[in-house]
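Understanding the architecture of this molecule
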Amino acid sequence: MIKIENLEKVYKTEEVETTALNGINLHVAAGEFVSIMGPSGCGKSTLLNVMGLLDKPESGSYKFIDTELLTLNDRERSNFRKKNMGFVFQNFNLIDELTVFENIELPLIYNKIPAAERKQLVNEIIERMNIVNRSGHFPQQLSGGQQQRVAVARALVTKPKLVLADEPTGNLDSSHGNEVMELLCELNETGTTIVMVTHSSHDASFSNRIINLKDGHVISEKINKSRNEELI
Amino acid sequence: MFRLNLKIALRNLWRNRGITSINVGGLAIALAAFILVILYFTYETSFDKTNPNYNNIYVVGRIEPDFKTNYTSPPFAKAIKQHLPEVENAGITKRGFFEFSMKNGKNTLFAKNFMQADYNAAKILDLKPTGGLEKPPGNVERLSYLSKENMRALFPDKTDNKPEIVGMGASNSGITSKINGSITNNLHSNITFDGISIGNEIGKGENYGYNNYTTYIQVKPGTDVANLEQKITDLYRKELLKGETDQKTIAEIKGVSTFLDPLANLHLRPKAGNDAPYKILIALSILGILILVIACINFTNLSIAQATKRAKEVGIKKVMGAYRFQLTAQFLVEIFIQCFVATILGLTLAELSLPYFNNLFQVNLSIWTTENDLCWQLPLILCVITLIAGTYPALVLSGFKPALVLKGNFSTSKQSSWLRNGLLVFQFSIAVIFIIGLFIINSQLKYMRSEDLGFTANQVVYIKNISMFNKPETFAPVRDKILKIPGIKSATVATDIPDGAEGGANGYTFEGVKSSLDFIDVDFDYFETLDIKLKEGRFFSKSFPADTTNGAVVNESTVAKYGMKNPVGKTIRGCNIDYKIVGVVKDFKAQGFESAVKPTIYSIKNPCGNYKTQIMVKIEGNKMSSALAALKAQWLQINPKDGEDFRYEFLDDLYGKLFKKQEQLQSVFFGAALLTIFIAVLGLFAFAKYITNGRIKEIAVRKILGASDIQIFSLINSSFFIMVLIANVISWPLAYVITKRWLETFAYRIDLPILPFISSALITILLTVITVSIQARKAVKANPVDALKYE
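Criteria and thresholds
Residues numbered from 1 in each chain as written. Chains lettered and ligands numbered in written order. Predicted model: local features only at pLDDT ≥ 70, side-chain atom pairs only at ≥ 80, totals over all residues. Heavy atoms only, no water. UniProt positions renumbered as here; feature names shortened; annotations may be inferred. Contact = heavy atoms within 4.5 Å. Buried area = accessible area lost by both parts, 1.4 Å probe. Salt bridge = Lys/Arg side-chain N within 4 Å of Asp/Glu carboxyl O. Helix = DSSP H or I, 4+ residues; strand = E, 2+ residues; numbered from the N terminus. Nonpolar A, V, L, I, M, F, W, Y, C, P; charged D, E, K, R; others polar. Buried < 20%, exposed > 50% of the residue type's maximum accessible area, 1.4 Å probe, protein only. Pairing = 2+ DSSP bridges. Domains from an automatic or database assignment. Axes fitted to C-alpha atoms, helices over the stretch in contact; angles between N-to-C directions. Phe/Tyr/Trp six-rings, centres within 6.5 Å; stacked < 30°, edge-to-face > 60°. Patch = residues over 30% accessible without salt bridge, like charges linked within 9 Å, V, L, I, M, F, W, Y side chains within 5 Å. Areas by Shrake-Rupley, 256 points an atom, 1.4 Å probe, with all protein chains shown as cover. Expected span 1.5 Å × (residues − 1). Bend = angle between axes of the 7 residues up to and from the residue.

Per an unreviewed UniProt entry, chain B goes by Putative ABC transport system permease protein and derives from Pedobacter terrae. If you open the UniProt record of chain B and go to Sequence similarities (unreviewed entry), you find "Belongs to the ABC-4 integral membrane protein family." Under Subcellular location (unreviewed entry), UniProt gives the following word-for-word description of chain B: "Cell membrane".

An unreviewed UniProt entry lists chain A under the name Putative ABC transport system ATP-binding protein, from Pedobacter terrae. Here chain A is described in UniProt, under the heading Sequence similarities (unreviewed entry), as follows: "Belongs to the ABC transporter superfamily. Macrolide exporter (TC 3.A.1.122) family."

Have a look at this one:
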C-alpha cells in the first residue's frame, strides 16, 4: 500500500544541518502492523510526520496505493489526510474545550459527514471503545488511559486506511498501555494498516514487522514471528 | 462545524475569563472614547447642515487693514443683490444687544438675544416659524416670534398658534408688544436666538457706517466664489467711494476688501475669528483614532500571547484535514464576536459617560438619534477593528505547524520584538505626556485659585439691572435704600464688573505724553466694595465734591506706563476733561490670569464712557441669605425702573468662569491621562504575559538551579523597567515644550515645576513593576517540574 523510496529530510538552523532521514526505503503492505524503533533522534518521528503529510521531505518518493503524495499542494494534502489517515499521539492531543463526544465527532465534521450519520458513527465507536459513560466529559476529567482511548476512537471514527501512532503508550502506565496496544491489534485484525513509532520492544512485539532506524537509515528489519504465527 | 467552533471559542474564552474581560474591556473603553469622539465630530461638523442650500450660503465679511469682521452694514446686501446676478438672494440679521424681560402675568422671561432679520435672510437661513415662514404683509412692519421653549415658558397652556400680547420690561412700564407665533430655535445652527422679529426691511435709513449687521448671501449653484469675492470687493469700494472727495479717505477705502465665508466654516473656523475649535476638534479626533488603534494592537498582542493555548487545537484540526483558511475564518469570527461584545459594552460606556461629556463640552449629544451617523459608522468600525485586531492573530494561529505543536514543546516566536518594544515605549510616552500635563494644569489652577487677586470677589453680589446710573446723585437714593438692609456693608455701580470683561479704551495725556488707557467708570465705594488696596492718596469720597466732576484714580500699571512720579494731585487729560489724580490703587487681576493687568483709569464722570448699570453689593457672610431675601422683596421700591425682577449672581462665581477653559482642559487631560495610562498598562500586561509564557521553561530551569523568587522577578522586570524609563526620557522634553508653551499663555503663572516629571516617572514605573510582577508571579510560583514535564 505504501511505497517510500529514497526519502531525505534535512533540518536546517542558522548554524547546524541535521540529516533526519537519509535515503529511507520502506514498503508497507495493506493490513500490516509495522513498528518503527530506534534511539532518540534517529528520525522515526520525522518519518511518521512525513507519512502523515505533516512534514515535507527534501527529496524522494512517497506513493500511497499508486498516488504520489509528495507532489500534492497543501490543500490536496489536507484532503488526502482527512480521507485516508488517522493519528494517535503520545500526549493524546485532545481539545480541552470539547467533550469526549465532540472530540470524536470533529474529524467527521471536517469530512462533511451529515449530522445524523455522525451521531451514529460516534456512538458506535464510543460503545466499541467502552467509554459510553464518559461521552459528556471533558478530557481533563479522564485518566490517561481513557484519554488515549478517546484519541484512538477519534483516529478510527473516519475508518481510515492507515493509522499512524506516535508512541501511543508513552504517557501511560503498563496496564493502560497494554489496553491501548490490544485495541490497536484488534483494529489491525479488522484490516486497518498501522504504522507505530515506539521505544518499547514490548509494544513492538504486538506488530507484524519491526523496523530499526539509526541516523536516518533503516539498519534492520525483522518479521515478528510470534505475532504472525498467532495470526495464522 | 460552526456550532462546534463556537463551543470551542466560548469555552476557551470562559476558561480564560480574566484575560478575556481585560481584552474585551480594554477595547470597549477605547471604543467608548472613540464613539464619543465621532459623535462630537459629527455634531461639530454638521452645524446648519439641514439647510437645503447649505453649500451655497456665504457670510460676507470685511477686511480692514488691521482686522477682519463679519459685521457689515444694511445697504450692502441690497447692493449685492441688485448688481450681481450670480447671487440668488441676500439678507441681513442683527443680534439683540441687551437683555430685557418679557412678561405674561406671572410668567417672566429674560430674552438675551432677541434677533432681527429681514425676510430674505430668514429665507436663506431656513428659519421656520410654526406654520411656515411668512412675508410681513403690506402695512405690517415686522412679525415677531418667540422660540418654542420661550413661548411655552410664557404661555404654558397655549395650544394654538395665534398671536399674543406680552409685556416688556417691568410690569409697571406699560409697554407691550405683539408676538405673532413661535419659531424653532435650532441649537445645531450658527443662528440661535431667544426670539426673532422678521421684517421686509431692517436697518432702514442706516448707511455704510452702521456695521452692526451680518450679511448672508445665497449664490447660484456652480458659482465661481473667488471671482464673486473679487466682484463684491469692487462693489463695496464703489459704494463707499460714492460722493467721497477727501483723498485720504479715498486711499483708505481702497485698502478695504471683503471676503466670503461659507456657512459650513462658520462654526469651527470662521475667517473672522480663530480656528482654535477646529484645531481642538482635529486633535481630539486624532487622539480618538490613536487610542482605538493602540487598543486594537493591544488586543492583537494579548490574543497572540494566548496563542500557545490554542496551538494544540490548531494542530489537531490540521491533522484532521482542516484547511488553513477554515482556521483563519474561525479565529476571525471568534475575534469578531469579542469585538462585537466590546462594541456593545463601548456603546453602553459611552452612553453612561455622555452626560459628563455633554457637560464638559457644553453640548447636547445623544447616541439614540438618527441624526448622528452611528447607525452605519458603528458596523463599519466593528469590521475595521476586527480586521486590525484579528488579522494578525488569525494568520499566526492558523499558521502553526502541526508536527511541531503536537509534540508539546512549542513556544511562540520572538519575531518583531522591536516593533512590540517600540509600541510599548510609544504608549507609555503618550501616557507620560498626559500625566505631566495634568499635574501642571493642576498646579496652575491651584495657583490661580489661591493667588491674591488684588481684590475680593467673595461675598460680593452682582445685581443685574437695566436702569442707568451715570450720575452719582441718581444712584444715591438706591444706595441709601440698599444700605438700610441689615448685613449689607456697601453698594456701588460701575460700567464693568471684574469678571474678565474688557472695558473701553481711550487716549489720555499726562505731562505731554499721550497714551491709550482702559477706563472704567465707577461710583463711590467701588474700591471699598471690592476691597481693592490703596497705594497712595485716597479713594473717591463724598467729602470731596470735585471727585464727581474731575476726580480720577489710576492703577500701578498706569503709573508705570507714563513713568509718573508722585502722581497724586497731578493732572491727566482725556475726553476733554482735566482729571485730577486723587489716588493710586494697587493692580488687581480684573481680567483673570491670562493677560497682564492693564493700565486703567477710574473716574466717576466720563462723557466718553459707557452706561453705569452694573450694581455690586458687599454683604456680610452670615447675613447673606437674609440680605438677599430682603433685596428681592424690596427691589421694586429700591430700583423702580428695573422692575420687580431681582436677579443676582455671586461675583466669585462669575470670576470663576474665567477658569472654565482651564478646568475644561483639566478634565480632558484627566480623562486622556487615565485612558492612555490604562491602555499602556493593558499593552504592558499583554506583552509581559507573552514574554513570561515564552520564558516559562527558562524560569523553571533557573529555579531548579537555585534562583530566588526576587531574582526571577527582577530578571523579568528589568527589560520593562528600561523601556518605561526610555518612554519617560523621550516624553520629558516634549512635555516640557508643550507645557511651557501653555504656561506662557498666562501673564501670571507658576514656574515650570520639576516634580510632575519625577512623579510621572515614579507612577509609570510603579505601574509597570506591579503589572509585570502579576504576570511573573504565575511563572515564579509554578512548580518547575510541570514546566519541564513534556520536554
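1. Things to note about the interface of chain A and chain B
Taken together, the contacts link 30 residues of chain A with 27 residues of chain B. Buried surface at the junction of chain A and chain B, both sides included, amounts to about 2700 Å², of which 58% is carbon and sulfur. Joining chain A to chain B, the criterion identifies 4 salt bridges. With a closest N to O distance of 3.5 Å, B:Lys312 and A:Asp96 form a salt bridge. Looking at the side of chain A that touches chain B, the elements that each hand over two or more residues are helix H1 (44-51), helix H2 (74-84) and helix H3 (100-110) of chain A. When residues of the side of chain A that touches chain B are assigned to their parent elements, the largest contribution, 7 residues, is made by H3(A). In the side of chain A that touches chain B, the residues fall into 11 nonpolar, 10 polar and 9 charged.

2. Details of the pairing of strand E15 (residues 460-464) of chain B
All names here are of chain B. Where burial is concerned, most of E15 is hidden: 5 out of the 5 residues are buried. Here E15 shows no split at all, with Val460, Tyr462 and Lys464 on one side and Val461 and Ile463 on the other all buried. Across 4 bridges, the pairing between E15 and strand E24 (residues 614-619) is antiparallel. Counterpart to Val460 in the pairing with E24 is Lys618. Where E15 lies against strand E25 (residues 647-650), 4 bridges are found, and the strand directions are antiparallel. Note that in E25 the partner of Ile463 across the bridge is Tyr648.

3. A few points about the domain arrangement of chain B
Domain parsing of chain B yields domain 1 (1-45 + 296-413), domain 2 (56-266) and domain 3 (468-638). Domain 1 of chain B and domain 3 of chain B are separated by 65 Å when their C-alpha centres are compared.

4. Things to note about the sheet that holds strand E5 (residues 67-68) of chain A
Residue and element names in this part refer to chain A. Spatially, E2-E1-E4-E5 is the arrangement adopted by the 4 strands of the open sheet, whose pairing is antiparallel. Because the sheet does not close on itself, it has two edges, and the strands there are strand E2 (17-28) and E5. Here 2 bridges tie strand E4 (residues 59-64) to E5, and the two strands are oriented antiparallel to one another. Following the sheet pairing, Lys63 is matched in E5 by Glu68.

5. Some points on the sheet that holds strand E10 (residues 217-223) of chain A
Residues and elements named next belong to chain A. Here we have 6 strands laid out as an open sheet, ordered E6-E7-E8-E3-E9-E10, and mixed in their pairing. Each having just a single partner strand, strand E6 (85-88) and E10 make up the two edges of the open sheet. Geometrically, the sheet is characterised by an average inter-axis angle of 20° between neighbouring strands, direction not taken into account. Here strand E7 (residues 162-166) pairs with strand E8 (residues 193-197) via 5 bridges, running parallel. Within E8, the position partnered with Asp166 by the bridge is Val197. Each of E6 and E7 is contacted by helix H5 (residues 144-156), which is oriented at about 170° to E6, the strand it contacts most.

6. A few points about the packing of aromatic side chains
Residues and elements named next belong to chain B. Tallied over the full model, the rule gives 33 aromatic pairs over all chains. Consider the rings of Phe76 and Tyr236, whose centres lie 4.6 Å apart with planes at 45°: the pair is tilted. Here Tyr236 lies in helix H6 (residues 225-241) and Phe76 lies in helix H3 (residues 74-83), a separation of 160 residues in the sequence. Note on Tyr236: relative accessible area 3%, which makes it buried. Taking the centre distance of 5.9 Å and the plane angle of 15° together, the rings of Tyr323 and Phe325 count as stacked.

7. Some remarks on a nonpolar patch on the surface
Taken together, the side chains of B:Phe721, B:Ile722, B:Leu725, B:Ile726, B:Ile730, B:Leu734, B:Ile738 and B:Val769 make up a nonpolar region of the molecular surface, amounting to roughly 650 Å² of accessible area. Within the secondary structure, B:Ile726 is located in helix H23 (residues 709-743).

8. Structural notes on unusual backbone geometry
Residues and elements named next belong to chain A. Backbone geometry at Asp66 places phi at a positive 70°, although glycine is not the residue there. Within the secondary structure layout, Asp66 lies in the loop between E4 and E5. A positive phi is found at Asn130, a non-glycine position, where the angle reads about 65°. Of note, Asn130 is situated in the loop between helix H4 (115-128) and H5.

9. Some thoughts on helix H19 (residues 624-638) of chain B
All names here are of chain B. In a regular helix each residue adds 1.5 Å, so 15 residues correspond to 21 Å; H19 covers only 18 Å between its end C-alpha atoms and thus falls short of that length. The largest bend in H19 comes to about 40°, at Lys632. Burial in H19 covers these residues: Met624, Ala627, Leu628, Ala630, Leu631, Trp635 and Ile638. Considering only its buried residues, H19 is in contact with E15, helix H15 (472-483), strand E16 (488-494), E24 and E25.

10. Digging into the pattern of salt bridges
Residue and element names in this part refer to chain B. Going through the model one piece at a time under the given rule, you end up with 35 salt bridges over all chains. Residue Arg310 pairs with Glu334 through a salt bridge whose shortest N-O separation is 2.7 Å. In this pair, Arg310 sits in helix H10 (residues 307-319) while Glu334 sits in helix H11 (residues 324-361), placing the two residues 24 residues apart along the sequence. Glu334 shares its class with Arg310; the two are buried.

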